[in-house]
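# Chain and residue survey
Listed here are the chains, written in short residue letters.
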Amino acid sequence: MNKLLIIEDDESIAELERDYLEINGFDVDIETTGDRGLTKAINEDYALILLDVMLPGKDGFELCKTIRASKDIPILLVTAKKEDIDKIRGLGLGADDYIVKPFSPGELVARVKAHLARYERFLGKDRNNEELRIRGLTIEKNTRRVWMNGKETSLTTKEFDLLLFLANHPNHVFSKDHLFDRIWGMDSLGDISTVTVHIRKLREKIEADPSSPQYIETVWGAGYRFKA
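This section reports on the structure supplied with the text. Just so we're clear, the structure is a prediction, and the values are computed from it rather than from any experiment.

This model, assessed by the stated rule, comprises 18 salt bridges. A salt bridge links Glu131 to Arg133, with the nearest nitrogen and oxygen atoms 2.7 Å apart. With a relative accessible area of 64%, Arg133 lands in the exposed category. The network of salt bridges with common partners includes Lys3, Asp29, Lys40 and Glu44.

Written as structure tokens, this is what we have:
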């Protein structure tokens, strides 16, 4: 059974989320403060974290950044804000998606299931481990680990998914819309600006000079391609 963590200061909302998730077969823990939620997120094994942005003490953005530094699991931000800058900020800190309040319980369950299924698909637990090696860049598909010139670099879930997809299709130009649909899913609440944020983060991590990328190239007016 997949174990989930809800970090939400409104107990009535947290309990409603838990009830619907448990009805659908999930084991769910709740924490109502950022400090306790962070401790649980770091020290226990969860398949996915639902993280409210507006928390007393440490806010959701700060928690997302800290959790992502040590955990490669889906993180869904829950927010009442609709401003794009808040969404882009959260995605840039490592969140995989966001849900804007108010939302239906059915939508919540569907999104949790979709992200877990996508994560498991990319994890590829039942396949033999495969590697891609491209000019000093090594990608281990099933262990989801990446090295640059022999030094391991840490990627978020979506950063790895995006890198692997591009590397699996070298020299092919993909539009932002195509990449968004392929990596985040057509039912995601995000938008294509997410792709730009994640490409920038990837370049910072794998390119010697992000302003002159050798791996992920921008094709102006068309999208991005991975240079083999």
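Read on, since the account is not over.
The strand order across the open sheet built from four strands is S6-S7-S8-S9, with neighbouring strands paired in antiparallel fashion. Each having just a single partner strand, strand S6 (131-134) and strand S9 (151-153) make up the two edges of the open sheet. Averaged over all pairs of adjacent strands, the angle between their axes in this sheet comes to 25°, without regard to strand direction. Packed on one face of the sheet, helix H6 (residues 157-168) meets S6, strand S7 (137-140) and strand S8 (145-148) and runs near 110° to S7.

Next up on the list: the pairing of strand S1 (residues 3-7). Counting buried residues along S1, four of its five residues qualify, which places the element largely inside the surrounding structure. Pairing of S1 with strand S2 (residues 27-31) involves five bridges; the strand directions are parallel. Its bridge partner being in S2, Leu5 is matched across the sheet by Asp29. As a crossover connection, the stretch from S1 through helix H1 (residues 11-23) into S2 is right-handed. Bridge analysis of S1 against strand S3 (residues 48-52) gives four bridges, and the strand direction is parallel. Looking across to S3, one finds that Ile6 is bridged to Leu50.

Spatially, S2-S1-S3-S4-S5 is the arrangement adopted by the five strands of the open sheet, whose pairing is parallel. Of all strands in the sheet, those with a lone pairing partner are S2 and strand S5 (97-100), marking the two edges. On average, adjacent strands in this sheet sit at an angle of 20° to one another, irrespective of strand direction. Packed onto the sheet, helix H3 (residues 60-70) meets S1, S3 and strand S4 (75-79) and runs at close to 180° relative to S4.

Of all hydrophobic cores here, the largest spans 27 residues; its most connected members are Leu137, Ile139, Leu163, Ile216 and Phe226. At the level of elements, S6, S7, S8, H6, helix H7 (176-183), helix H8 (193-206) and strand S11 (223-226) are the ones that each hand at least two residues to this core. Counting residues per element, this core draws most heavily on H6, which supplies seven residues. Judged by nonpolar contacts, the second largest core, of 21 residues, contains Leu51, Val53, Ala95 and Val100.

About the criteria used
Residues numbered from 1 in each chain as written. Predicted model: local features only at pLDDT ≥ 70, side-chain atom pairs only at ≥ 80, totals over all residues. Heavy atoms only, no water. Salt bridge = Lys/Arg side-chain N within 4 Å of Asp/Glu carboxyl O. Buried < 20%, exposed > 50% of the residue type's maximum accessible area, 1.4 Å probe, protein only. Pairing = 2+ DSSP bridges. Helix = DSSP H or I, 4+ residues; strand = E, 2+ residues; numbered from the N terminus. Axes fitted to C-alpha atoms, helices over the stretch in contact; angles between N-to-C directions. Contact = heavy atoms within 4.5 Å. Right-handed = clockwise from strand over helix to strand, strands pointing away. Core = buried A, V, L, I, M, F, W, Y, C linked by side-chain atoms within 4.5 Å.

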